[in-house]
Amino acid sequence: MEINNIQICNVCMRSSEESKGTVFIKAVQNGEEIHVCTSCIPHIIHGSGDVVKSNATVAAEFQQ
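Figured I'd write up the structure that's included with this text. (Residues numbered from 1 in each chain as written. Predicted model: local features only at pLDDT ≥ 70, side-chain atom pairs only at ≥ 80, totals over all residues. Heavy atoms only, no water.)

Things to note about the overall build of the protein
For clarity, the threshold we go by: The helix and strand labels rest on DSSP assignments: H or I over at least four residues marks a helix, E over at least two residues marks a strand, and numbering proceeds from the N terminus. With C-alpha atoms as the basis for the radius of gyration, the globule rule is written as 2.2 Å multiplied by the number of residues raised to the power 0.38. The buried label applies to any residue whose accessible area, calculated with a 1.4 Å probe on protein chains only, is under 20% of its type's maximum; exposed applies above 50%, and partly exposed to all values in between. We call two residues in contact when some of their heavy atoms are within 4.5 Å. Residue-level accessible areas treat just the shown protein chains as cover; the underlying method is Shrake-Rupley with a 1.4 Å probe. Counting rule for charge: Lys and Arg are taken as positive, Asp and Glu as negative, and neither His nor the chain ends is counted. One atom stands in for each charge, and that atom is NZ of Lys, CZ of Arg, CG of Asp or CD of Glu.
A count of helical and extended segments in the protein gives two helices and four strands. Traced from its N-terminal end to its C-terminal end, the protein shows the element sequence β-β-β-β-α-α. The C-alpha radius of gyration of the protein comes to 11 Å, within 12% of the 11 Å expected for a compact globule of 64 residues. Seen along its three principal axes, the alpha-carbon backbone of the protein occupies a region of about 30 × 25 × 20 Å. Relative to its 64 residues, the protein shows a buried fraction of 34%. Taking as baseline every contact in the protein between residues at least 6 positions apart, the subset at least 24 positions apart corresponds to 44%. Put simply, the protein shows about 4000 Å² of open surface, and 48% of that area lies on carbon and sulfur atoms. Here the protein contributes 4 positive and 7 negative side-chain charges, whose respective centroids are spaced 6 Å apart.

A look at the side chain of His 35
Put simply, the rule reads: Here a polar contact is recorded for every N or O atom pair within 3.5 Å, except that within protein the pair must consist of a potential hydrogen donor and a potential acceptor, and residues adjacent in sequence are included only if both atoms are side-chain atoms.
Topologically, His 35 is positioned in strand 4 (residues 32-37). On the accessibility criterion, His 35 (4% relative accessible area) is buried. Among the polar contacts made by the side chain of His 35, one reaches the main-chain amide nitrogen of Met 1 at a distance of 3.3 Å. Contacts of His 35, omitting those with residues within four sequence positions, involve Met 1, Glu 2, Gln 7, Ile 8, Cys 9, Asn 10, Phe 24, Ile 25 and Lys 26.

Remember, this is a structural readout, not a statement about activity or role.
Structure representation (structure tokens):
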């Protein structure tokens, strides 16, 4: 997800602010636009979408 131009991985919660060189990919899960860092893409490709957190969950955890 993206908050104030900061991308946050919907899997591991890594942010573009803390990891300057990280690449994020936009994807869609259940009609919701999400962001996934390239480190987490294998978890989705070889596992399942069950590891993806919703934007509501990410926002709640990120803003604590």
